[in-house]
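Residues per chain are reported as follows:
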Amino acid sequence: MRVIICGAGQVGYGIAERLAAEKNDVSIIDTAPELIQAVRDTLDVRGFVGHGSHPEVLEAAGAQNADMIIAVTLHDEVNIVACEVAHALFNVPMKIARIRAQSYLKPHYQDLFSREHLPIDVIISPEMEVGEMVLRRIALPGATDVVRFAENKIAMVAIECLEDCPVVHTPLAQLSELFPDLLSTVVGVTRGQKLFIPHSADQLLPGDLAYVVTPKDQVRRTLGLFGHDEEEATRIVIAGGGNIGLYVAKTIEQRQTRTRIKIIESTRERAVTVADQLRRTVVLNGSALEQKLLLEADIQDADLMVALTNNDQVNILSSVMAKRLGCKANLVLINNPAYQDLTKSLGIDAYVNPGSITISRVLQHVRRGRIRAVHSIQRGAAEIIEAEALETSPLVGGYLRDLDLPDGMRIGAIYRDGQVLKPNGAMRIRPKDRVVIFALADAVRHVEQMFRVSLEFF
């Protein structure tokens with residue numbers, strides 16, 4: 001596939017890295033020469049210095065032969081124009097744009113990006129995507145990662161196995177026998193620096209991070225079996241009243257009427273704006289690094305500190321301070337991947353990386369075949385993929401135990417006619433089934449091939 005990426009920041013670089021590793025033909029455009037030089041030095045892609053919205057730059061990058069343009073610069077208007085130029089002058093089939101300003105995304109403007117107006121096929125709003133991820137993590141405090149599939153009927157939760165975890169040192173096959181009505185499947189495990197797919201005879205060990213696919217209505221029971229019975233936070237302090245902080249607070253006000261929220265916002269003008277848009281939330285003006293202000297927000301009595309400012313250092317330090325002052329738990333927004341490995345030693349309970357969330361959304365549309373959703377794991381070491389089975393798929397028809405599946409993938413659940421099914425050797429996949437699969441990076445291409453439309457289909 002020939003892909004042009006506009007924007008060589010963290011998100012653009014991350015997308016280019018993934019696509020280049022999969023042998024796609026990638027060109028990346030940015031106005032910053034140092035970013036393009038870094039891309040040229042480290043990735044097998046072509047780099048172009050210039051504006052991604054300028055026709056001559058797009059032409060130099062090969063837009064006339066491109067299958068897709070992905071516009072993820074920091075400026076919405078550049079992303080919009082880049083897609084429009086790619087459509088009008090070069091007839092690029094697939095156009096994806098990152099749009100941050102919520103004014104473009106209001107429901108009554110939903111026709112704005114239609115083919116007749118601004119022809120963009122996929123709009124990605126990082127603030128809304130990250131906000132929803134934060135809300136899922138707040139709702140399930142025992143999980144370190146939560147993703148939904150199959151019309152929200154299936155969830156993938158990442159669960160840390162603690163020393164007193166009831167399921168450690170027990171073969172996975174035995175767990176299925178002990179809990180026959182539990183439809184949860186352990187599809188992946190991180191142990192130390194190694195990510196692998198476990199077999200039925202394998203055991204979970206203390207310190208493992210288990211990736212479990214389960215029906216939505218069995219998530220809490222699954223967390224309980226892993227020893228995580230933390231109660232949902234009802235007293236929350238949010239650091240940062242930007243788009244994400246405001247979105248999270250607004251949504252909690254609508255969905256959870258008994259939850260009390262306080263926001264700390266450093267800019268006075270923004271604090272006033274946020275206060276005007278919220279009904280029950282207390283908004284404090286000042287720095288989240290000021291101990292006096294944290295105490296004024298009653299951090300010592302809070303269940304959760306959620307740090308969502310634009311500054312990673314502020315997010316990390318304020319969350320560490322909050323726990324030392326008595327806050328029970330914290331959830332931190334971290335943009336820089338270099339900080340993510342330090343979170344555990346610093347006392348950070350959970351973090352959200354906006355870049356990885358945006359990359360996952362883009363990959364959903366880059367993947368070939370009937371791919372409905374993608375979530376990237378461990379900086380691209382694996383993916384959770386939801387795909388729709390076609391009549392021509394090699395998965396359809398045979399018993400699962402007889403299929404020659406790659407070692408690097410495991411089926412976690414099957415969604416059929418509104419029901420979630422746990423896979424077993426005696427099951428057969430039918431056309432139109434939605435299959436949720438955990439695939440290591442080397443096996444992703446195999447998954448794509450399994451769900452592609454073959455020529456025989458037409």
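If you're wondering where the values come from, they're calculated on a predicted model, not measured in any experiment.

K.L.:
Quick one: what's the story with the state of the cysteines, residue by residue and with numbers?
P.N.:
For the structure on display, the rule yields zero disulfides. Not engaged in a disulfide, the cysteine C165 finds its nearest cysteine sulfur in C161; these two sulfurs lie 4.4 Å apart.

K.L.:
Please provide a residue-by-residue account of the sheet that holds strand 11 (residues 209-215), values included.
P.N.:
Taken in spatial order, the five strands line up as 7-8-11-9-10 in an open sheet, and their pairing is antiparallel. Whereas interior strands pair on both sides, the edge strands pair on one side only; in this sheet they are strand 7 (145-149) and strand 10 (194-196). Each strand axis lies, on average, 20 degrees off the axis of its neighbour in the sheet, ignoring direction. Of the pairings in the sheet, the one linking strand 9 (residues 185-191) to strand 11 comprises five bridges and is antiparallel in character. Within the sheet, the bridge partner assigned to V186 lies in strand 11 and is V212.

K.L.:
Talk me through the domain arrangement of the protein chain; I want residue IDs and the actual numbers.
P.N.:
When cut into domains, the protein chain gives domain 1 (2-124), domain 2 (143-221), domain 3 (235-355) and domain 4 (357-451). A separation of 36 Å is found between the C-alpha centroids of domain 3 and domain 4. Facing the seven residues of domain 3 at the interface are four residues of domain 4. Joining domain 3 to domain 4, the criterion identifies one salt bridge. For the salt bridge of D341 with R379, the shortest nitrogen-to-oxygen distance reads 3.0 Å. Between the two partners, domain 3 and domain 4, sit eight residue pairs in polar contact (both at pLDDT 80 or more).

K.L.:
How would you summarise the environment of P337 if you had to cite specific residues and measurements?
P.N.:
Positionally, P337 belongs in helix 12 (residues 337-340). Assessed through its relative accessible area of 34%, P337 is described here as partly exposed. In sequence terms P337 and R379 are 42 residues apart; their C-alpha atoms lie 8.6 Å from each other. Apart from residues no more than four positions distant in its own chain, P337 is found in contact with Q10 and R379.

K.L.:
Give a detailed account of the sheet that holds strand 5 (residues 94-98), specifying residues and quantitative values.
P.N.:
The strand order across the open sheet formed by six strands is 3-2-1-4-5-6, and the pairing between neighbours is parallel. The open sheet terminates on both sides in strands that have one partner only, identified here as strand 3 (46-49) and strand 6 (122-124). With strand direction ignored, the average angle separating the axes of adjacent strands in the sheet is 15 degrees. Across four bridges, strand 1 (residues 2-6) lies against strand 4 (residues 68-71) in parallel orientation. Counted as the bridge partner of I5 is I70 from strand 4.

Quick notes on the rules
- Residues numbered from 1 in each chain as written.
- Predicted model: local features only at pLDDT ≥ 70, side-chain atom pairs only at ≥ 80, totals over all residues.
- Heavy atoms only, no water.
- Disulfide = S-S within 2.5 Å.
- Pairing = 2+ DSSP bridges.
- Helix = DSSP H or I, 4+ residues; strand = E, 2+ residues; numbered from the N terminus.
- Axes fitted to C-alpha atoms, helices over the stretch in contact; angles between N-to-C directions.
- Domains from an automatic or database assignment.
- Contact = heavy atoms within 4.5 Å.
- Salt bridge = Lys/Arg side-chain N within 4 Å of Asp/Glu carboxyl O.
- Polar contact = N/O pair within 3.5 Å; in protein donor to acceptor, adjacent residues only side chain to side chain.
- Buried < 20%, exposed > 50% of the residue type's maximum accessible area, 1.4 Å probe, protein only.

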